[in-house]
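Remarks on the overall topology
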Amino acid sequence: MSEIVLLDTSVLLNVLDIPGFNETREAVIAEFEQLIDREAHLFIPMAAVFETGNHIAQLTDGRLRRHCAERFVSAIQAAIDDQAPWKPMRMPDVELVRTWLNDFPEAAMRGHGMGDLSIRKEWQTQCEQFSMSRVRVWSLDQDLAGLDRSPDWRRAR
């Protein structure tokens, strides 16, 4: 079975070993290695890229901030250059963002920020495009971690 996994900020921060955000690094790395062994298709939503960069920029130790920023750039650049086990998701165009904005007031009422909303929307898109694959958001945050859709085997008949 094919598996598509969208990595949330909480996971990316652990993989990149960002101090203060890496409390579950050992477990995250173990699962990350299992996903690679299973040849899962790993994607980083743009919201996770931006949010991870924001967390790094807020580190108080300047030398540590620089080191983490350089490691972050290398990891994302490797993904862009197809040299990493994950791929960045496409940058949303203006019309796509417009549709997300239409849904934002209701999402905000449920306590979901724009970043989480965009990840939910990317997950929904992947579910629609790949109905025969498991599609999930890998997150340490309970809200996004619940986004896990098994293949629709009924469509295969």
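See the structure above.
Within each chain, residue numbers correspond to sequence positions counted from 1 in written order. Since the coordinates come from a predicted model, pLDDT governs what is reported: local features require at least 70, and pairs of side-chain atoms require 80 or more to be given and counted, while whole-chain, interface and lining totals use all residues. Each side-chain value is worked out from all heavy atoms of the structure, with water and hydrogens disregarded.

What to know about the side chain of D8
Numbering of helices and strands runs from the N terminus, with a helix taken as a DSSP run of H or I at least four residues long and a strand as a DSSP run of E at least two residues long. Tracing the backbone through its elements, the reader meets D8 in the loop between β1 (3-7) and α1 (9-15). Only heavy atoms matter for contacts: two residues are in contact if any of them lie within 4.5 Å across the pair. D8 has contacts with A48, I119, V137, W138, S139, D141 and L144, leaving out every residue within four places of it along the chain.

A look at helix α3 (residues 46-57)
Helix length check: α3 (12 residues) gives 17 Å between terminal C-alpha atoms against 16 Å at 1.5 Å per residue, within 8%. On its buried face, α3 is in contact with β1, α1, β2 (41-44), α4 (62-80), β3 (86-88) and α6 (114-129). To estimate how far a helix should extend, the number of its residues minus one is multiplied by 1.5 Å.

Remarks on the packing of aromatic side chains
Two rings from Phe, Tyr or Trp (for Trp, the six-membered ring) form a pair when their centres are within 6.5 Å of each other. A pair whose planes differ by under 30 degrees is stacked, one over 60 is edge-to-face, and the rest are tilted. Per the counting criterion, the structure on display carries 1 aromatic pair. An angle of 50 degrees between the planes, with centres 5.4 Å apart, marks the rings of F32 and W86 as tilted. A residue pair is termed long-range when its members are at least 10 positions apart, and F32 in helix α2 (residues 25-37) and W86 in strand β3 qualify at 54 residues. Here W86 falls in the buried class, since its relative accessible area comes to 4%. Any residue under 20% of the maximum accessible area for its type is buried, any over 50% is exposed, and the rest in between are partly exposed; the area is computed with a 1.4 Å probe on protein chains only.

Some words on the nonpolar core
Core analysis: the biggest nonpolar cluster contains 28 residues, and L7, L42, W86 and W138 have the highest contact counts within it. Only β1, α1, α2, β2, α3 and α4 provide two or more residues apiece to this core. Among the nonpolar cores identified, the runner-up in size contains 11 residues, and I119, W123, V135 and L144 belong to it. We define a nonpolar core as any set of buried Ala, Val, Leu, Ile, Met, Phe, Trp, Tyr and Cys residues linked to one another through side-chain atoms lying within 4.5 Å.

What about the pairing of β2?
The alternating pattern of β2 places L42 and I44 on a buried face and H41 and F43 on a face that is not buried. Criterion used throughout: strands pair if DSSP finds at least two bridges between them. For β1 and β2, the ladder comprises 3 bridges, and the chain directions are parallel. Bridging from a neighbouring strand, V5 pairs with L42 of β2. Here 3 bridges tie β2 to β3, and the two strands are oriented parallel to one another. If you follow F43 over to β3, its bridge partner there is K87.

Looking at the sheet that holds β2
The sheet built from 5 strands is open, its strands ordered β3-β2-β1-β4-β5 with mixed pairing. The sheet terminates laterally at β3 and β5 (148-149), the two strands that pair on one side only. By the bridge criterion, 2 bridges tie strand β4 (residues 134-138) to β5 in an arrangement that is antiparallel. Residue pairing across strands places V135 opposite R149, the latter belonging to β5. Angles here are taken between N-to-C directions and fall from 0 to 180 degrees, while the axes themselves are lines fitted to C-alpha atoms, restricted in helices to the stretch in contact. Relative to the sheet, α4 contacts β2 and β3, its axis offset from that of β3 by approximately 90 degrees.

A word on the pairing of β1
Most of β1 is tucked away: 5 of the 5 residues are buried. The alternating pattern of β1 places E3, V5 and L7 on one face and I4 and L6 on the opposite face, and all of these are buried. Relative to β4, β1 runs parallel, the two sharing 5 bridges. Paired with E3 across the bridge in β4 is R134.

Some details on α4
For α4, spanning 19 residues, the distance from its first C-alpha to its last is 27 Å, which sits close to the expected 27 Å at 1.5 Å a residue. Within the sequence span of α4, burial applies to C68, F72, A75, I76 and A79. Down the axis of α4, the buried set is contained in an arc of 90 degrees. They therefore lie on one face. For α4, the exposed residues set more than 90 degrees away from the buried face come down to R63, R66 and I80. Elements that come into contact with the buried residues of α4 comprise β2, α3 and β3. Two N or O atoms count as a polar contact when they lie within 3.5 Å, although within protein this holds only if one can serve as hydrogen donor and the other as acceptor, and sequence-adjacent residues are included solely when both atoms are side-chain atoms. Capping of α4 at its N-terminal end is provided by D61; its side-chain oxygen lies 2.9 Å from the backbone amide nitrogen of R63. Positive phi shows up at D82, right after α4, with a value of about 60 degrees. The arc in question is formed by the directions pointing from the helix axis toward the C-beta atoms.

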